[in-house]
Amino acid sequence: MSYFRATAPDVFLTVLRRRAPDICRRDLLFRWEAAVRRVEQAEFAPLENMWGQTDDRRIQLADNIPVRCMLPTLLHEAMHFLVYQRRVTRSSVWKELGADEEHDVMERIDDRLIFMY
Ligand SMILES: [Zn+2]
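Conventions we followed
- Residues numbered from 1 in each chain as written.
- Predicted model: local features only at pLDDT ≥ 70, side-chain atom pairs only at ≥ 80, totals over all residues.
- Helix = DSSP H or I, 4+ residues; strand = E, 2+ residues; numbered from the N terminus.
- Buried ≥ 20, exposed ≤ 12 C-beta atoms within 10 Å, placed from the backbone.
- Core = buried A, V, L, I, M, F, W, Y, C linked by C-beta atoms within 7 Å.
- Contact = placed C-beta atoms within 7 Å.

A.B. asks: Hey, could you go over unusual backbone geometry for me, with residue numbers and the actual values?
C.D. replies: The backbone phi angle of Asn49 is positive, close to 65°, even though this residue is not glycine. Secondary-structure assignment places Asn49 in the loop between β2 (43–45) and β3 (52–54). Phi is positive for Phe81, close to 60°, though the residue is something other than glycine. For Phe81, the position within the fold is in the loop between α3 (67–79) and β5 (83–86). Judged by the 20 C-beta atoms lying within 10 Å of it, Phe81 is buried.

A.B. asks: Tell me about the nonpolar core, and please be specific about residues and values.
C.D. replies: One finds Phe12, Ala78, Met79, Leu82 and Val105 to be the most contacted residues of the largest nonpolar core, which totals 17 residues. Those elements that provide at least two residues to this core are α1 (2–16), β4 (59–62), α3 and α4 (99–109). Tallying contributions element by element places α1 first for this core, with 4 residues. Setting aside residues no more than four positions away along its own chain, Leu82 makes contact with Phe30, Arg31 and Ala35.

A.B. asks: Explain the environment of Leu61 to me, using residue names and the numbers behind them.
C.D. replies: Structurally, Leu61 is set in strand β4. Measuring from C-alpha to C-alpha, the distance between Leu61 and Thr73 comes to 7.8 Å, with 12 residues separating the pair along the chain. For Leu61, the contacting residues outside a window of four places in its chain are Ala42, Phe44, Trp51, Gly52, Met70 and Thr73.

Okay, structure coming up:
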């Protein structure tokens, strides 16, 4: 996890600056503790056509997931809803990123987070 804590902020900024060139570190909120909690509480479920899925509260792993895919899938799902961007609207201040941007970040950190065999 310390590797991700050290690496992820710069990678997120690199990806997000393509859309928002002026974004800086204080515009990002990292919910590390919530991500760790989702990993610790991950559960198996009968998923089809995917090894895992997540929302901002829980992670589910397919009950037929190969053991070799468990760790990268857990890390992959934990990186969704990890970062929120400051965007002040009527209803909120922090807004989650799009999955495409999150996947871009994952691939740059380690493409095994995206391509699992
Ligand atoms: Zn994903």
